[in-house]
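A look at the structure
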Amino acid sequence: MSTPAPLSISMHPADNVAIIANDGGLPAGTLLPSGLVLVDKVPQAHKVALADIPEGGEVRRYNVVIGYALKPIPAGSWVHERLLQMPEARSLEGLPIATVKPPELLPLEGYTFEGYRNADGTVGTRNILAITTTVQCVAGVLDFAVSRIKAELLPRYPNVDDVVGLEHSYGCGVAIDAVGAEIPQRTLRNISHNPNFGGEVMVVSLGCEKLQPERLLPPGSFPIVDEREPELDVVCLQDEAHVGFMSMIDSIMERAKTHLERLNARRRETVPASALVVGVQCGGSDAFSGVTANPAVGFCTDLLVRAGATVMFSEVTEVRDGIDQLTARASTSEVAEAMIEEMAWYDAYLDKGKVDRSANTTPGNKKGGLSNIVEKAMGSIIKSGTAPITGVLSPGQRLSDRGIASGLVYAATPASDFICGTLQLAAGMNLHVFTTGRGTPYGLAQVPVIKVATRSDLARRWHDLMDVNAGRIADGEATIEEIGWEMFRLMLDVASGRKKTWAEQWKLHNALVLFNPAPVT
Ligand code: CA
């Protein structure tokens, strides 16, 4: 087997570092095609200095200063995080507001998928019975009931894809009226109305918890379907009618039947691609994330926006260092101000814990070549493509709360994979795209998750977990545009139920994790 040629990738002509693309990295003494000779061994995805950098000198990647040299760095050296002083976070004062003239994005017409139309105008990509819970206390009982529903009832309703218990750690032992407590409560409320659940809301409650069913889902919080009285359907475990555990299970199963029957009567219909609500995020990132997978997602984001769909990008700490790029891309000053408000809220939230956005990076990120949060953020923001940002959501809000019907939306969430996914579910996501360089088996029971590998090595080893291999971009085998189109077509197939993602096939489901910035008691 021949040894692959040394390959380095730089993101901008003004950059003075590039990353090494070869599997396993390259040894000291390697001659790069540019004529540069490596002074150190440089691991895969890590940076090499393209020129001599003096002490205190700027280290630029993505044409952004990702750090200042702590000592002189000769050309050809390995530039790792211990050599860099991280820049201060960009001030939220004096940012450019809606200054970028949006690129000409021609409408993309004629693309459709097969989805489930809902009474509220949203469209589901799956037909799932979701059973909401008011409190963690009922989780064990509901798990037991869900297992029996799946084994005994679901086979009789072939058009229903799954039954899912919406379990969480909230509901009691919490300061329910505290500032910030509205976030977990509206998150849970809005998840109950996710498009994939067909408007069928059913609740299992304990009885004595702080988060009473009427508080979680007050009258008027869910739409009238087919002139049916929008009555809150609750099974309360402490109800005196329940004698013994099995009577609780019988109650849950009996109520579930009504909802399963209605869900089973639904059929997929051809709907325009504009009905897609795609949440994008990354996790287990490496230096390839911003070179391969995230730019391809960004290209696909532009395709989706052109098709009239909604795309949400999130993860506050991973955009904080690029906030000037985002406020400049806002469609209006109101959108820019809303984004600044979310950043300021999060700065204060982190400050309470005496940390800042730099608390984001993980040992795996650094092993994967990402020196700090500035570098990570630049690679993360690319997922948002080039379209103007036309809407902003606060954590736990749904799109309709802010009157958003389509376009590129900044949904403010923590970067934590599970919390971000949970909040995007609440926003109304019906398809999830997740990029990873280090590798994560992440999946959700509520929506299909398309996972994109940033490196071919990961895609090869995790061949039955990764749905798309964007590493082919670094290998020179495919372009960003080709992978972006591949993703777009795969999304329509997955949304239609014609294809299942690997996480769906293996039933890999992470727990819902609510974002609760308020005190517990
Ligand atoms: Ca994440």
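Above this text you will find the structure in question.
The present account deals with the structure reproduced in this document. These numbers come from a predicted model, not from an experiment.

1. Concerning the packing of aromatic side chains
- All chains considered together, the criterion is met by 13 aromatic pairs.
- Arranged with centres 6.1 Å apart and planes meeting at 45 degrees, the rings of Tyr111 and Trp485 form a pair that is tilted. Here Trp485 lies in helix H13 (residues 480-495) and Tyr111 lies in the loop between strand S7 (84-85) and strand S8 (112-117), a separation of 374 residues in the sequence.
- For Tyr111, a relative accessible area of 27% gives the class partly exposed.
- Among the aromatic residues, those joined into a ring-pair cluster are Trp345, Tyr346, Tyr349 and Phe515.

2. Here's the deal with the packing of helix H2 (residues 182-192) against helix H10 (residues 417-427)
- In contact at an axis separation of 7 Å, H2 and H10 are set at 60 degrees when each is read in the N-to-C sense. Comparing the axis directions of H2 and H10 gives the class oblique. Of the two elements, H2 crosses H10, and the hand of that crossing is left-handed. From H2, Thr187, Asn190 and Ile191 reach across to H10, where they touch Thr422, Leu423, Leu425 and Ala426.
- Split by residue class, the contact of H2 with H10 holds 4 nonpolar, 3 polar and no charged.

3. A word on the sheet that holds strand S17 (residues 389-393)
- Judged by pairing direction, the sheet is parallel, and its 7 strands sit side by side in the order S17-S18-S16-S15-S19-S20-S21 without closing on themselves. Taken across any chain shown, the strands that pair with only one partner, and hence form the sheet edges, are S17 and strand S21 (468-469).
- In the sheet, S17 pairs with strand S18 (residues 407-411) via 4 bridges, with the strands oriented parallel. By the bridge assignment for S18, Leu393 is matched with Ala411.
- Across the sheet, helix H7 (residues 333-352) touches S17 and S18, and the angle it forms with S17 is around 40 degrees.

4. Some details on a nonpolar patch on the surface
- Residues Phe144, Phe245 and Met246 make up a contiguous nonpolar surface patch of about 260 Å² in total accessible area.
- In this fold, Phe144 is placed in helix H1 (residues 139-153).
- For Phe144, a relative accessible area of 34% puts it in the partly exposed group.

So, how was this worked out
Residues numbered from 1 in each chain as written. Predicted model: local features only at pLDDT ≥ 70, side-chain atom pairs only at ≥ 80, totals over all residues. Heavy atoms only, no water. Phe/Tyr/Trp six-rings, centres within 6.5 Å; stacked < 30°, edge-to-face > 60°. Helix = DSSP H or I, 4+ residues; strand = E, 2+ residues; numbered from the N terminus. Buried < 20%, exposed > 50% of the residue type's maximum accessible area, 1.4 Å probe, protein only. Axes fitted to C-alpha atoms, helices over the stretch in contact; angles between N-to-C directions. Parallel < 35°, antiparallel > 145°, perpendicular 65-115°, else oblique. Left-handed = near helix turned anticlockwise from the far one by under 90°. Contact = heavy atoms within 4.5 Å. Nonpolar A, V, L, I, M, F, W, Y, C, P; charged D, E, K, R; others polar. Pairing = 2+ DSSP bridges. Patch = residues over 30% accessible without salt bridge, like charges linked within 9 Å, V, L, I, M, F, W, Y side chains within 5 Å. Areas by Shrake-Rupley, 256 points an atom, 1.4 Å probe, with all protein chains shown as cover. Salt bridge = Lys/Arg side-chain N within 4 Å of Asp/Glu carboxyl O.

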